Amino acid sequence: MQSTTSTSSGSCSRPLEGSALNSGSSVENVAREGVGSGSGDDSAGIGDENPSGSSAATNGHDAKHNGFAVNNNGSSSCIVVDGENNRENTSYSGVQLDKSNQEIIRLIGQYLHDVGLDKSVKTLMVESGCYLEHPSATKFREHVLMGDWSKADSDLKDLEPLIDNGKLSTITEMKFILLEQKYLEHLDDGNPLDALHVLRSELTPLQHNISRVHQLSSYMMCSTNQDLYQRAKWEGKGILSRALVMERLQTFMPPSVMMSPRRLRTLLQQAVELQSQHCPCHDMAWETNLQTVSLLTDHCCTTDGFPMQTIQILTDHCDEVWFCKFSPDGLKLATGSKDSTVIIWDVDPYKLTLKHRRVLDGQAQLSVSFVSWSPDSKLILVGGTEDSHELYIWNVDDGKLVVKFSQSLEDSLACGAFSRDGARFVCGGQKGQLYLCDLNGTIVDSWEGVRVNSIAFRADNKTILAADNHYRIRGYNFDSPRSDFDILREPHPIMTFSINSADRLALLNVSNQGLHLWDIEDKCLVRRFQGIRQSNFAIHSCFGGVNESFVASGSEDKVVYIWHIKREEPLAKLAGHTKTVNCVSWNPVYPSLLASASDDATVRIWGPKPNGSNATTESDDSSSSSSSSSWNMT
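Residues numbered from 1 in each chain as written. Predicted model: local features only at pLDDT ≥ 70, side-chain atom pairs only at ≥ 80, totals over all residues. Heavy atoms only, no water.

- Labelled according to an unreviewed UniProt entry, the protein chain appears under the name WD repeat-containing protein 26 homolog, originating from Drosophila kikkawai.
- In the Subcellular location (unreviewed entry) part of its UniProt record, the protein chain is described as follows: "Cytoplasm". (UniProt positions renumbered as here; feature names shortened; annotations may be inferred.)

Written out as structure tokens, the structure reads:
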């Protein structure tokens, strides 16, 4: 062990006269069906009586096929109107539905209508005694989709008591939306005088959204229709733009009057997202939606391929192992020990085994406390404890020493890292040195008085992040003009940290606090992971797993901890080491492999459980019910 310092109300009981079937249709569905063939006069209203059985347009459907009427005596029997021979058939299901079931019926009815199953909707509504939306709302929708703005305005007056208790600002906003579409359609038709009349006599008197009125007036200068569409970001006159207007208007109506569009799909998508949030092994980069998951089972990513048990124990070191790190290409593992050696291991991604390649032991009397790989996986930077003044760069392929770097016997070089392009490296320690060097070991630049214990390059290849003895991580930029700045501050010493591949998150091992996750762009603490024991020793954690959706860390209680990045409680506790676990490394290419280094002089390789294995970990729940993301390493 290395030491260091709004709910909706039901709308049932009996159907209302002229009850509507077309509630909350999607824009695409409305555009497909069209508005209907009505002439736009009063006979087209869906709520109007039609004793003669004449046809009236209802968003593409015959009004007499609504399937609802009220008996003259006011009874609650449902009347099915037979459109073929214009006779009435009475039916009564006798089913008593509570509020929740009524709302479910309405949701199902709306969905059935959206997919075009209108006969099924009629049957469902008749048998249940429910209606989908208020008759006045149906007329309002019809007139908006037909572009009959005077009737739509009249319908809105009828709806006023039902909308936000007739609140003036809400009604004004809805009128503004209607008149905005009316104005644009006049321009589209080449009627600038009519458009000007709407602008001056109808929109302006509302005294609402004055800036938008000014913007609308500028569209009078458009030379072509295409210019109008582009400047107004508008689809042009027609069913599509009107359907979008209707969707905006629906947001102001209570669900008892008119449900919001595609309400059932919205609820199902919310359920899928919630299940994803509770999925213990969820792949963060896998987009869960109604098209990618099954609604017939609960979503749960598989743990097949997850590193949950020891598959190999490496025992070639003869003293405490302080560091381990997989190479960026995932095909090699470097382990550094108090015994002054670095061992390179070859990874077989198919057999999930590691094979000893060579020992790098030229750093005599240097207890190896860190190893950093070059981006091309060919070089490694090796350093010791804070008492060491030397660093070594080795060529992994031929085992030759490339550079032995030492500036002063008084230096402390206890941490280092390659730049993102592999052309330079940075190193430092607790005695106040921060060196930027080329691969020949020549100092390019330096920063005096900076006492650091952990260091990393950012993705811009310019900014260096360093944890100092003031409990901070600061940024240093050597380019002209030089600059340094605070990134974050902890109330306790930061022992080590690592940055994820997206260069957005930092994982900190904090003395006597454990593991903390920070957003280094927003400079805020995101999460405190629970479980690990950390005092004043250097423990190295890491991001990893599929799409870096997980984090792992060693601990002084001899256990390897794994968390999902969005949850504080550990997903798994991997037991096997007999002393403190100093470092963990997740293979960046083959996420089924995880390595851990311990004071017990071993390195454990963790891999997936074999099919049918009864092997267990200390995880509270390591099972899964359905497969979604892939841990396939090959």
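We are not done yet, so read on.
**Focus on the sheet that holds strand 29 (residues 572–575)**
Now for step 1: Taken together, four strands build an open sheet; the order of strands is 26-27-28-29 and the sheet is antiparallel. The open sheet has two edge strands, strand 26 (542–544) and strand 29, and neither has a second partner. In this sheet, neighbouring strand axes are inclined to one another by 25 degrees on average, regardless of whether the strands run parallel or antiparallel.
Now for step 2: Direction of pairing for strand 26 relative to strand 27 (residues 550–553): antiparallel, over a ladder of three bridges. Residue pairing in the sheet places Gly544 in a bridge with Phe550 of strand 27. (Pairing = 2+ DSSP bridges. Helix = DSSP H or I, 4+ residues; strand = E, 2+ residues; numbered from the N terminus. Axes fitted to C-alpha atoms, helices over the stretch in contact; angles between N-to-C directions.)

**Digging into the sheet that holds strand 11 (residues 379–383)**
Now for step 1: Pairing is antiparallel in the open sheet, where four strands are placed in the order 10-11-12-13. The two strands at the open ends of the sheet, each matched to only one other strand, are strand 10 (370–373) and strand 13 (401–405). Across the sheet, the mean angle from the axis of one strand to that of its neighbour is 20 degrees, orientation sign disregarded.

**Observations concerning the packing of helix 2 (residues 99–114) against helix 11 (residues 263–278)**
Now for step 1: Orientation of helix 2 relative to helix 11, taken along the N-to-C sense of each, is 110 degrees, at an axis distance of 8 Å. Taken together, the axes of helix 2 and helix 11 are roughly perpendicular relative to one another. Here helix 2 contributes Leu107, Gln110 and Tyr111 to the contact with helix 11, which in turn contributes Arg263, Leu264, Arg265 and Leu267.
Now for step 2: Broken down by class, the residue content of the contact of helix 2 with helix 11 amounts to four nonpolar, one polar and two charged. (Parallel < 35°, antiparallel > 145°, perpendicular 65-115°, else oblique. Contact = heavy atoms within 4.5 Å. Nonpolar A, V, L, I, M, F, W, Y, C, P; charged D, E, K, R; others polar.)

**So, the UniProt feature "repeat: WD" (unreviewed entry) in the protein chain**
Now for step 1: UniProt records the feature "repeat: WD" (unreviewed entry) for residues 314–355, 547–573 and 574–606 in the present numbering.
Now for step 2: End C-alpha to end C-alpha, residues 547–573 measures 21 Å, and it is 0% helix and 44% strand.
Now for step 3: From the first C-alpha to the last, residues 574–606 spans 9 Å; its make-up is 0% helix and 52% strand.

**Here we look at the pairing of strand 20 (residues 472–477)**
Now for step 1: The buried fraction of strand 20 is high, at six of six residues.
Now for step 2: Residues of strand 20 alternate between two faces, with Arg472, Arg474 and Tyr476 on one and Ile473, Gly475 and Asn477 on the opposite face, all of them buried.
Now for step 3: Here five bridges tie strand 19 (residues 463–468) to strand 20, and the two strands are oriented antiparallel to one another. Looking at the pairing, Leu465 lines up with Gly475 of strand 20.
Now for step 4: The hairpin turn running from strand 19 into strand 20, its antiparallel successor, is three residues long, and Tyr471 in that turn takes a positive phi close to 70 degrees.
Now for step 5: As paired strands, strand 20 and strand 21 (residues 483–489) are joined by six bridges and run antiparallel to one another. Looking at strand 21, one finds that Asn477 is bridged to Ser483.
Now for step 6: Here strand 20 hands over to strand 21 after five residues, the two strands then running antiparallel side by side. (Buried < 20%, exposed > 50% of the residue type's maximum accessible area, 1.4 Å probe, protein only.)

**Looking at the side chain of Thr496**
Now for step 1: Position of Thr496 relative to the elements: it lies in strand 22 (residues 494–499).
Now for step 2: A polar atom in the side chain of Thr496 sits 2.6 Å from the backbone oxygen of Ile539.
Now for step 3: The residues contacting Thr496, other than those within four sequence positions of it, are Ser454, Leu507, Leu508, Asn509, Ala538, Ile539 and His540. (Polar contact = N/O pair within 3.5 Å; in protein donor to acceptor, adjacent residues only side chain to side chain.)

**Observations concerning the pattern of salt bridges**
Now for step 1: All chains considered together, the criterion is met by 24 salt bridges.
Now for step 2: Glu185 is the partner of Arg242 in a salt bridge, and the nearest nitrogen-oxygen pair spans 2.9 Å. With a gap of 57 residues between them, Arg242 in helix 10 (residues 239–250) and Glu185 in helix 6 (residues 168–188) connect regions that are remote in the sequence.
Now for step 3: Residues Glu247 and Arg262 are paired through a salt bridge, measuring 3.0 Å at the closest nitrogen-oxygen approach. Highlighted residues: Glu247 in helix 10 and Arg262 in the loop between helix 10 and helix 11, separated in sequence by 15 residues. (Salt bridge = Lys/Arg side-chain N within 4 Å of Asp/Glu carboxyl O.)

**Quick word on the environment of Ser256**
Now for step 1: Mapped onto the elements of the fold, Ser256 is located in the loop between helix 10 and helix 11.
Now for step 2: Along the backbone, Ser256 and Glu103 are 153 residues apart, and their C-alpha atoms lie at a distance of 9.3 Å.

**Considerations on the confidence of the model for the protein chain**
The predicted coordinates ought not to be read in detail in places where the model reports low pLDDT.
Now for step 1: On average, residues of the protein chain carry a pLDDT of 82, and 80% of them reach 70 or more.
Now for step 2: Across the protein chain, the secondary-structure element scoring lowest on mean pLDDT is strand 3 (residues 78–82), at 32, and the one scoring highest is strand 31 (residues 594–598), at 97.
Now for step 3: In this model, residues 13–25 is a region of pLDDT below 50 whose contacts with residues beyond four sequence positions or in other chains number 68 contacts.
Now for step 4: Low pLDDT, under 50, characterises residues 612–634; the predicted model gives this stretch 60 contacts beyond four residues in sequence or across chains. (pLDDT = per-residue confidence, 0-100.)

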